[in-house]
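Summary of the model geometry
Next come the chains, spelled out residue by residue.
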Amino acid sequence: MKFITQKKYLYLSLTTALSIASTANVNAATVTIANPGFESSFDGWTDDDPSAISSDSHSGSKSAKITGSGGRVDQTVTLTPNTNYVLTAYVEGSGEVGINLGSSTESTKSTSDDWSEVTVSFNSGSATSGEIFGKYYNDEGRFDDFTLESTSTSPGSDTETDGELSISTAFDDGTSHSNYPPSNAIDGSSAWASRWAASLGSNATNLTLELEETQNVKQVGISWGRGDSRSYTFEIYARSGTSGDWTKIADTVSSGDTADIELYDVTDFDAQQVRVKAQSNSAGTNWMDITEVKLYGENGSANNDDDDDNNNDNGGGDNSDGNECQASGKMLYNGSCVEYSEVYEAEHGEIGEDDHIISLSPIEMKFDALAAQHVTENGNGWRHELKIKSSGDYRVGMTELYEEFKATITANLDDGAKTIVAQHHAADTATITKLYIADLDEGGFENAPDGTESDSVAMNGIFDVYIRLAKEDGSGETKHLLTTIRSGDSFDFEEINDHGTVTVKINGQSLSPISVSDSSASYFKFGNYQQAQNPETNEKLESGDADGDFADFYEEFFDTSEIIFTDMSYTRTLD
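Residues numbered from 1 in each chain as written. Predicted model: local features only at pLDDT ≥ 70, side-chain atom pairs only at ≥ 80, totals over all residues. Heavy atoms only, no water.

Focus: the overall build of the protein
When you go through the protein residue by residue, the secondary structure sums to 4 helices and 35 strands. Taken across its 575 residues, the protein has 56% of its residues classed as buried. For the protein, contacts bridging at least 24 residues in sequence account for 73% of all contacts bridging at least 6. Entry remark: accessible area of the protein is about 22,200 Å², with carbon and sulfur atoms responsible for 39%. (Helix = DSSP H or I, 4+ residues; strand = E, 2+ residues; numbered from the N terminus. Buried < 20%, exposed > 50% of the residue type's maximum accessible area, 1.4 Å probe, protein only. Contact = heavy atoms within 4.5 Å. Areas by Shrake-Rupley, 256 points an atom, 1.4 Å probe, with all protein chains shown as cover.)

What follows is the structure, encoded as structure tokens:
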């Protein structure tokens, strides 16, 4: 059995339980779903063909069966704003379960021969309703026994807190970055530049807060680094002195939709030391980032930090996040929503500078290499791309910034095509990371994260999607298969560069983070750079574009070359 987790607009963190503590004082409650097991056929549901009622069920006597692309069942349910929920369903075969909140869609994909429980954890944000759904994913699937349960309410401006306790010192396991020590987590600033950043050890890293004396602790407030675009799995421990055994007082997951202080109720404990044990994040990186921690209890001073200007300081000049930017057709650059044209320039050749834009709300861009026919010095084919501007101070070393690119990518290509759709470029002509889609005779791949093997057969209509990553020591590169597709298929891609540590995700599954070779003036680019590589001989066109040879080559082999990016977002934050 395999599970593939996906989150559009907001990246989704999965958990099967939220135990001991959650983010506020709300008891779990079940949300009414009409006809959750399809015992009354499709009553209460909207069904899109190809769908049908099946007698193969998880419980009862019926289930919903979806047999092809476009097949779907959905139902609108009532939600409480700013509340954490867990949506559960059972799936046999292949299927995707999720909820559409209007501004975001959160879902989990599953493939299993037997009935398997599939869960989707999400926060409702400002939504008062949402559309739960089950839909087609890769192959026939059956759906049964939907449930939706609230688990907690996220703190907002009206959240009551106990008095804030004065933390005297903070320390960790010695795993923190020298520029981002534990003291940053208690300095009163939630700025990204003033964070605690520590690398995971074998399975977790600890940040310990110490009080001057033992006091009753009832709540812990944490501002997670990039907490508006990733969730963190963590535990909280306490002990009454500065030595002795630790007692677990919370075990939960952050909401993933705010970078401000998020409050967590804990088992009341008379403590002098409180430890946050960070275990993982949904971005898949080894770095655990906390910008600020606060403790609350009976003996503290009454203080609600929602009005503290420091809590809203993201180091970029305003309170924007990547989700707001994406909704308005913009990108997040140094904390502010800006037009793509402010940071990127188009390589558009024979067509218009903005011809790649289909829509900006939602973002949809199409890059047609055969129409653009853009040629660069030392290039190996026609291209149509956006790249970080060469003028200004936009290009820096990969170790000097955090960036995150997400998109659903659809490829409309002829058999035998090979194109590059995203890459980190060095200051010279070298490439640091490079994402390919190719229907050629190529090999040397590691298997994809879900176990898929490469096709590596030329011109048969099956495209290997793979990425090349330069080694940190400059000795070469590694080559990783991500998935295989056919023309017209889509896949979800995400690449995170966290100061030179690159994490690649395909359809929600991650490669292990890799430290890559840096460049003093690296830049990111994406689009469609179709290679002039003969699909019959696997050889590149040695003459390049001399005497218009590219035109002759493409006319002989290819008619279509379109790469479409949807549900796209890009974040770039310089140190």
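Next comes the rest of the write-up.
Looking at the environment of Glu149
Tracing the sequence through the fold places Glu149 in strand 10 (residues 141-153). Sequence separation between Glu149 and Ser121 is 28 residues, and the spatial gap between their C-alpha atoms is 9.8 Å.

Focus: the environment of Ile290
Its place among the elements puts Ile290 in strand 18 (residues 287-297). Owing to a relative accessible area of 0%, Ile290 belongs among the buried residues under this scheme. Sequence separation between Ile290 and Trp192 is 98 residues, and the spatial gap between their C-alpha atoms is 8.6 Å. Discounting chain neighbours no more than four positions away, the residues touching Ile290 are Ala185, Arg195, Trp196, Leu207, Ile222, Ser223, Trp224, Gly225 and Val276.

Looking at the sheet that holds strand 27 (residues 431-438)
Taken in spatial order, the 7 strands line up as 21-24-34-26-27-28-29 in an open sheet, and their pairing is antiparallel. Edge strands, defined here as strands with exactly one partner in the open sheet, are strand 21 (344-347) and strand 29 (477-485). Neighbour-to-neighbour, the strand axes of the sheet open up by a mean angle of 15°, direction not taken into account. Two elements, strand 27 and strand 28 (residues 463-470), share 6 bridges in a ladder whose sense is antiparallel. Its bridge partner being in strand 28, Tyr436 is matched across the sheet by Tyr466. (Pairing = 2+ DSSP bridges. Axes fitted to C-alpha atoms, helices over the stretch in contact; angles between N-to-C directions.)

Quick look at the pairing of strand 7 (residues 83-100)
Of all 18 residues making up strand 7, 15 are buried, and the element is well covered by its neighbours. Relative to strand 8 (residues 105-123), strand 7 runs antiparallel, the two sharing 16 bridges. Looking across to strand 8, one finds that Tyr90 is bridged to Glu117.

Topic: the pattern of salt bridges
Going through the model one piece at a time under the given rule, you end up with 20 salt bridges. One salt bridge in this structure joins Lys248 and Glu235, with 3.3 Å as the shortest N-O distance. Here Lys248, found in strand 16 (residues 247-253), pairs with Glu235, found in strand 15 (residues 232-239); they are 13 residues apart in sequence, far enough to count as distant. For Arg468, the salt bridge identified is with Glu477, shortest N-O distance 2.4 Å. With relative accessibility at 39%, the residue Glu477 sits in the partly exposed group. Within this structure, Glu347, Arg383, Glu385, Lys387 and Lys525 form a network of salt bridges that share partners. (Salt bridge = Lys/Arg side-chain N within 4 Å of Asp/Glu carboxyl O.)

Details of the side chain of Ser51
Among the secondary structure elements, Ser51 is positioned in strand 4 (residues 51-54). Among the polar contacts listed, one links the side chain of Ser51 to the backbone oxygen of Asp48, at a separation of 3.2 Å. Discounting chain neighbours no more than four positions away, the residues touching Ser51 are Phe42, Lys65 and Ile66. (Polar contact = N/O pair within 3.5 Å; in protein donor to acceptor, adjacent residues only side chain to side chain.)

Remarks on unusual backbone geometry
With an omega of 0°, the peptide bond running from Asp49 to Pro50 counts as cis. Position of Pro50 among the secondary structure elements: in the loop between strand 3 (46-48) and strand 4. Even without being a glycine, Asn35 presents a positive backbone phi close to 50°. For Asn35, a relative accessible area of 16% gives the class buried. One non-glycine residue, His499, lies in the positive phi region at around 60°.

Focus: the packing of aromatic side chains
Under the defined criterion, the tally for this structure stands at 30 aromatic pairs. Taken together, a centroid distance of 5.5 Å and an interplanar angle of 80° make the contact between Tyr344 and Phe526 edge-to-face. Of this pair, Tyr344 sits in strand 21 while Phe526 sits in strand 34 (residues 523-530), placing them 182 residues apart in sequence. As far as the burial class goes, Tyr344 and Phe526 line up, both buried. Aromatic ring contacts, followed pair by pair, group Tyr340, Tyr344, Phe367, Phe405, Phe524, Phe526, Phe565 and Tyr570 into a single cluster. The ring of Phe133 has Arg72 sitting right over it, with the charged end atom 4.5 Å from the ring centre. The side chain of Arg395 reaches across the aromatic face of Tyr523, ending 3.5 Å from its centre. (Phe/Tyr/Trp six-rings, centres within 6.5 Å; stacked < 30°, edge-to-face > 60°. Lys NZ or Arg CZ within 6 Å of the ring centre and 35° of its normal.)

Details of the pairing of strand 25 (residues 401-413)
In terms of burial, strand 25 is largely enclosed, as 12 of its 13 residues are buried. Strand direction decides the pairing type here: strand 25 and strand 35 (residues 561-574), joined by 12 bridges, are antiparallel. Bridge pairing in strand 35 links Ala411 to Ile563. Here strand 25 runs beside strand 30 (residues 490-498); their pairing, made up of 9 bridges, is antiparallel.

Points about the side chain of Arg383
Following the sequence through the fold, Arg383 ends up in strand 24 (residues 383-388). Reaching out from Arg383, the side chain makes a polar contact with the side chain of Thr376 at a distance of 3.0 Å. Within the structure, the side chain of Arg383 is placed 2.9 Å from the side chain of Glu385, a separation counted as a polar contact. Sequence-distant contacts of Arg383, that is, excluding residues within four places in its chain, are made with Glu347, Ala369, Ala372, Gln373, His374, Thr376, Lys525, Asn528 and Tyr529.

Things to note about the nonpolar core
Grouped burial of nonpolar side chains is what soluble globular proteins tend to show. Residues Tyr344, Ile437, Phe526 and Phe565 are the most contacted members of the largest nonpolar core, which totals 53 residues. Ranked by residue count, the leading element in this core is strand 25, at 5 residues. Beyond its immediate sequence surroundings of up to four residues, Phe565 is in contact with Ile363, Glu364, Met365, Phe367, Phe405, Ala407, Thr408, Ile409, Val421, Phe526 and Gly527. (Core = buried A, V, L, I, M, F, W, Y, C linked by side-chain atoms within 4.5 Å.)

Some details on the confidence of the model for the protein
Taken as a whole, the protein shows an average pLDDT of 84; of its residues, 87% reach a score of 70 or greater. Note on residues 301-321: pLDDT is under 50 here. Beyond four places in sequence and across chains, it has 51 contacts. (pLDDT = per-residue confidence, 0-100.)

A look at helix 4 (residues 549-557)
Along helix 4, the positions that sit buried rather than exposed are Phe550, Phe553, Tyr554 and Phe557. Take helix 4 and look down its axis: the buried residues cluster within an arc of 90°, on one side only. Facing away from the buried side of helix 4, by more than 90 degrees, are the exposed residues Glu555 and Glu556. (Arc of directions from axis to C-beta.)

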